[in-house]
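Tertiary structure, described
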Amino acid sequence: QVQLVESGGGLAQAGGSLRLSCAASGRTFSSYAMGWFRQAPGKERELVAAINCCGGAATYYADSVKGRFTLSRDNAKNTVYLQMNSLKPEDTAVYYCAASELRTIATMKNMYDYWGQGTQVTVSS
């Protein structure tokens, strides 16, 4: 069982930055692939970025955030980070951290086994 707690959301201006953190419980954090999703009002939850287990050498980014967002993991701290730069108003959403028992990058919602409660990110123009 893994419990995930997100933090770092808030209000930012367009062009600004935020860093989201996701702290995980459990001793086997490094064995989980991790992902960040977001859901804007009236829209489907979509994958933003994903990272594989273990050393986290492989990452995936949605086209909409490629070059602006960076996902990383620190297994010693049981934490994954999403650095968000050059924020746009369309990045406004609730951001969710998720963990997958698959060891490789997981790109679909149903591949994830555990979810955090979400953190709101609002980007003003």
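Our subject in this report is the structure included herewith. Throughout this description, residue numbers start from 1 for each chain and increase along the sequence as written. This being a predicted model, a pLDDT of at least 70 is required before a residue's local features are given, and a value of 80 or more before pairs of side-chain atoms are given or counted; all residues contribute to the totals for chains, interfaces and linings. Only heavy atoms go into the side-chain values, all of them from the structure, while hydrogens and water stay out.

1. So, the pattern of salt bridges
As a reminder of what qualifies: Counted as salt bridges are all cases of a side-chain nitrogen of Lys or Arg within 4 Å of a carboxyl oxygen of Asp or Glu. Note on classification: 1.4 Å probe, protein chains only; a residue is buried when its accessible area is under 20% of the maximum for its type, exposed when over 50%, partly exposed between these limits.
In the structure shown here, the tally under the stated rule is four salt bridges. In this structure, Arg 38 engages Glu 46 in a salt bridge whose closest nitrogen and oxygen atoms are separated by 2.7 Å. Lys 66 is the partner of Asp 63 in a salt bridge, and the nearest nitrogen-oxygen pair spans 3.1 Å. The class for Asp 63 is exposed, based on a relative accessible area of 66%. Connected via shared salt-bridge partners are Arg 38, Glu 46, Arg 68 and Asp 91.

2. Quick look at the nonpolar core
Note that soluble globular proteins tend to have their nonpolar side chains buried in a common cluster. Basically, it comes down to this: To form a nonpolar core, buried Ala, Val, Leu, Ile, Met, Phe, Trp, Tyr and Cys residues must be joined to one another through side-chain atoms within 4.5 Å.
Counting 31 residues, the largest nonpolar core has Leu 4, Met 34, Trp 36, Leu 82, Met 84 and Tyr 95 as the members making the most contacts within it. Leu 47, Tyr 96, Ala 106 and Tyr 112 belong to the second largest nonpolar core, which has seven residues in total.

3. Topic: the environment of Arg 45
We count it as follows: Helical segments are the DSSP runs of H or I of at least four residues, strand segments are the runs of E of at least two, and each set is numbered from the N terminus. What makes two residues a contact is simply this: any of their non-hydrogen atoms within 4.5 Å. Whenever a nitrogen or oxygen atom comes within 3.5 Å of another N or O atom, the pair is scored as a polar contact, on the condition that within protein one atom can donate a hydrogen and the other can accept it, and that pairs from neighbouring residues in sequence are kept only if both atoms are in side chains.
Here Arg 45 lies in the loop between strand 4 (33–39) and strand 5 (46–51). Of the residues examined, Arg 45 reaches a relative accessible area of 23% and is grouped as partly exposed. Considered as a pair, Arg 45 and Ala 62 are 17 residues apart in the sequence and their alpha carbons are 13 Å apart. When residues no more than four places from it in sequence are discounted, the contact partners of Arg 45 are Phe 37, Arg 38, Gln 39, Tyr 96, Lys 109 and Trp 115. A polar contact is formed between the side chain of Arg 45 and the side chain of Gln 39, at a distance of 3.3 Å.

Interpretation in functional terms is not warranted from these geometric data alone.
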